[in-house]
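Results of the structural survey
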Amino acid sequence: MSNKVPTPDELSKIDYKPPKRKWMDTPVEFKPGTWCYGSRPKYLEAVGMPNPRDWKPSDEDWKLPENWKEIFLEGMEERLRKYRSFRLFMDICVRCGACADKCHFFIGSGDPKNMPVLRAELLRSVYRKYFTTSGKLLGKVAGARELTVDVLKEIWYYMYQCSECRRCSVFCPYGIDTAEITLIGRELLNLLGLNTDWIAGPVANCYRTGNHLGIEPHTFKNSLEFFLSDIEDITGIKIEPSFNRKGAEILFVTPSGDTFADPGTYTCMGYLMLFHELGLDYTWSTYASEGGNFGFFTSNEMAKRLHYKIFAEAKRLGVKWILGGECGHMWRLLNQYLDTWHGPADFLEEPVSPITGTKFENTKSSRLVHIAEFTADLIKHGKLNLDPSRNDHLKVTFHDSCNTSRGMGIFEEPRYIIKNVCNHFYEMPEDTIREKTFCCGSGSGLNAGENMELRMRGGFPRANAVRFVKEKHGVNMLANICAIDRAALPPLMDYWVTDVRVTGVHELVGNALVMKGEKERTVDLRNEPLTSKESKEE
Amino acid sequence: MGALLSLSTALILVLIAFAGVKEANLHFLFGAIIPYIAIITFIIGVIYRILKWASSPVPFRIPTTCGQQKSLPWIKHSKIENPSGTLGVIVRMALEVLLFRSLFRNLKTELREGKVVYGSEKWLWLAGLAFHWSFLIILLRHFRLFVDPVPASLHLLESFDGFLQIGMPRLFITGIILLASVSYLLFRRFYIPQVRYISLANDYFPLFLILGIGITGVLMRYFIKVDVVNTKHLIMGIFTLKPEIPEGVGGIFYIHIFLVSVLFAYFPFSKLVHMAGVFMSPTRNLSNNSRMKRHINPWNYPVKAHTYEDYENEFREKMKKAGLPVEKE
């Protein structure tokens, strides 16, 4: 990490009082540790995005195309025509301020331009200047301002300090959704080649290899095989999953993070064990090897291009339906976008659990089942032999991920699973969970290294709630159903809380799952000793 | 600066009306022409706004879900906060529009000794609700000046509004509530630092304007009495398209009607269009059923994607070596 992150003590001194100087007169300051590097040209070239060049956000000259202003404003006009959300949200905000202290980045930084209302005003002021009569006539008095290079830089800086978590939209009396505004804002910036490297890289990788990490097919297979040997060591059971297999009943798609880095890998082991135990007729795909989609943080078109592979692969393999692993923004897209982009999924069948016979009526059109829906149904029907005491060394709390909460509403399924596989479960305070959940601080492609201070600030409210249950109940494990959470929450916990680790829900399932023919388990999926029966009785 | 500018604009408007009637004798302008212009601007302007919004499609189904989704039959579905069909959406929208459901969720976030704490914060909700409802009731009460004979429902409304039975003429509680709630909404714009920071002239101006309308209205009813019969005559004239200016309608009335005219004419060009816009908000008025029923994007277009064929062409040898099945040997 190139920037030194201040200590938690320093960072938690936050002043919410805005400065004297008006926001329009306060030029943007690129504070170290709060922004990501600019995209390298090779990544933009790989997917044909405009204006590839070497540039740094801290540079005076961003090497913009000569007619950048025209491009930006024309892009804005086009999107006002294409998205009712955008046009409406530019017009109807009354600046009541209800959203102000709902943003984790504002709570963690006190920077007034991190108030959702002001983040949107950055773009709204430009909208007023070029697209409304009052703004054209009255200018600043009407809250309008010229689009200059400095204004563009300010927009860039703050569009990449929003994790598009939509918490503010829960509280807004008109449902104004800052994610819509920053998604479109980023799309406009991408017309000028202003992506971050941390987003553009995974996008380029994903386009070519099918996944963000750029894992090639043979390596993908290898990394899963690596887990299989771990599973065999722990359970004595040999698992042989299939890859790219035609004629399987189910295609399983999950974020590539779970196949690559701890602690997501343990969740992946959980999937493998569960499917084996069920004898599920399913296949992995090395081509559709990513459920996540950093294209979504680039432009709608890029998101659509990257998610093409999901239905295409299901069709090629001739599966009946698609099962999706634990991931946040992947599930917002699978729930709210995929069928619209690439449907109708009429080559698939309405999903039915082959184990319980349950019809997943809620996904009868897009035929995409969330694994928490699938597993909760198994447990409800008594199809799994579970020993929750194998998770007795864990005191678990559950972090609702932004996208699955506010873009889907999957609250009870994961909780039902956790309560069946763990004996010790504690909820965080009501105002920090479910639809009011706080972001990990690193969503929407902000989980880079160079902006660590921003991430720690953004994750402050979440960490604070975890600290509360740690102190009250001794919680030591933070469960979630999101791969970005599994990557982003561990450093957040180390920074603010300490001694709380992070897990996917299916790692807990893997621990508790009593498999046919397994040897006596002495360690959990992390190879750590289970609480022995004797010590529990004491 | 925004506040001062707005206040002085509102005061100048009062002076214009006063001088226009008292000094320049422009009764017909202020009592007929301007109200007509204002009404026409309001109607055309709001319709234009709505058509403009409606002309942009809703490409994706993006409700903000605030409760449990409809999934397995044994999991309790939050039918209103996360609707799966039209009925749920209607109830959700009704709660939003009539009771300000989302604003009711409001919390206050504070930092205490390095800890974030959340407290209930219902004042904005209460003042907002009180303001909008009292404004509506007052507007409806004014229909007694527009129609003859006055329908029974209006008498009923008036008897509710005047239930305190204080004074003569009877005190209407909504007048008090309107002035109090607008004052609070104005006060918080000055008092809460973040709200002051984000406030534009456009935010103060309608508040001052409505305050002016309320004050002149109260003055007219309880203090500087105007000739009600003649005033009604004037207003009926406007609504029957036979405008005339009877004698004895006080100057205060012209100030009142001028401010109302300005508010109506200003409406479509300002944030006040939230009144119509709230109904069209795609995060609220859509059901979360995009996995049950395909949502169509009218501008959906084909995109360049990396096909399986491209993929296999690049990795075929590696795939074969790793024992992965391939389409072409």
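Residues numbered from 1 in each chain as written. Chains lettered and ligands numbered in written order. Predicted model: local features only at pLDDT ≥ 70, side-chain atom pairs only at ≥ 80, totals over all residues. Heavy atoms only, no water.

1. Let's talk about the domain arrangement of chain A
Many structure descriptions define interface size as the accessible area lost when the parts assemble. Residue and element names in this part refer to chain A. For clarity, the threshold we go by: Domain ranges listed in this record stem from an automatic or a database domain assignment. Any pair of residues with heavy atoms lying within 4.5 Å of one another is described as a contacting pair. Here the quantity called buried area is the accessible surface, traced with a 1.4 Å probe, that two parts lose on coming together, added over both. Put simply, a salt bridge is a Lys or Arg side-chain nitrogen that is within 4 Å of an Asp or Glu carboxyl oxygen. As used in this structure description, the phrase polar contact means that two N or O atoms lie within 3.5 Å; if the pair is within protein, one of them must be able to donate a hydrogen and the other to accept it, and residues adjacent in sequence are counted only when both atoms belong to side chains. Residues are grouped as follows: Ala, Val, Leu, Ile, Met, Phe, Trp, Tyr, Cys and Pro are nonpolar; Asp, Glu, Lys and Arg are charged; every other residue, Gly included, is polar.
You can read the domains of chain A as domain 1 (8-30 + 50-194) and domain 2 (203-537). Relative to domain 2, the C-alpha centre of domain 1 lies at a distance of 33 Å. In this complex, domain 1 contributes 26 residues to the contact, which on the side of domain 2 involves 31 residues. Surface buried jointly by domain 1 and domain 2 totals about 2,400 Å² across both partners, of which 63% is contributed by carbon and sulfur atoms. The largest contributions to the domain 1 side of the interface with domain 2 come from Leu11, Arg166 and Arg167, which together make up 25% of the buried area. For the pair domain 1 and domain 2, the number of links is 0 salt bridges. Our count for the domain 1 to domain 2 interface comes out at 9 residue pairs in polar contact (both at pLDDT 80 or more). By residue class, the composition of the side of domain 1 that touches domain 2 is 12 nonpolar, 7 polar and 7 charged.

2. As for the domain arrangement of chain B
The domain boundaries assigned to chain B delineate domain 1 (2-298) and domain 2 (303-329). Using only C-alpha atoms to locate each centre, domain 1 of chain B and domain 2 of chain B end up separated by 62 Å.

3. Description of the side chain of A:Asp258
Residue and element names in this part refer to chain A. Definition in use: In this text, helices come from DSSP runs of H or I with a minimum length of four residues, and strands from runs of E with a minimum of two, each type numbered from the N-terminal end.
When you line up the elements, aspartate 258 lands in the loop between strand E1 (250-253) and helix H13 (264-278). A polar atom in the side chain of aspartate 258 sits 3.3 Å from the side chain of tyrosine 271. Other than its neighbours up to four places away in sequence, aspartate 258 contacts Phe227, Gly264, Thr265, Thr267, Cys268, Tyr271, Glu326, Ala483 and Arg486.

4. Side note on the pattern of salt bridges
Rules: Residue exposure (1.4 Å probe, protein chains only): buried if accessible area is under 20% of the type maximum, exposed if over 50%, otherwise partly exposed.
Under the definition given, this model contains 52 salt bridges over all chains. In this structure, B:Glu158 and B:Arg144 form a salt bridge, with 2.7 Å as the shortest nitrogen-oxygen distance. Pair noted here: B:Glu158 is in helix H6 (residues 152-161) and B:Arg144 is in the loop between helix H5 (123-141) and H6, with a separation of 14 residues, a long-range link. B:Arg144 gets classed as partly exposed once you look at its relative accessible area, which sits at 30%. Connected through shared salt-bridge partners, A:Arg95, A:Glu121, A:Arg124, A:Arg128, B:Asp203 and B:Lys271 make up one network.

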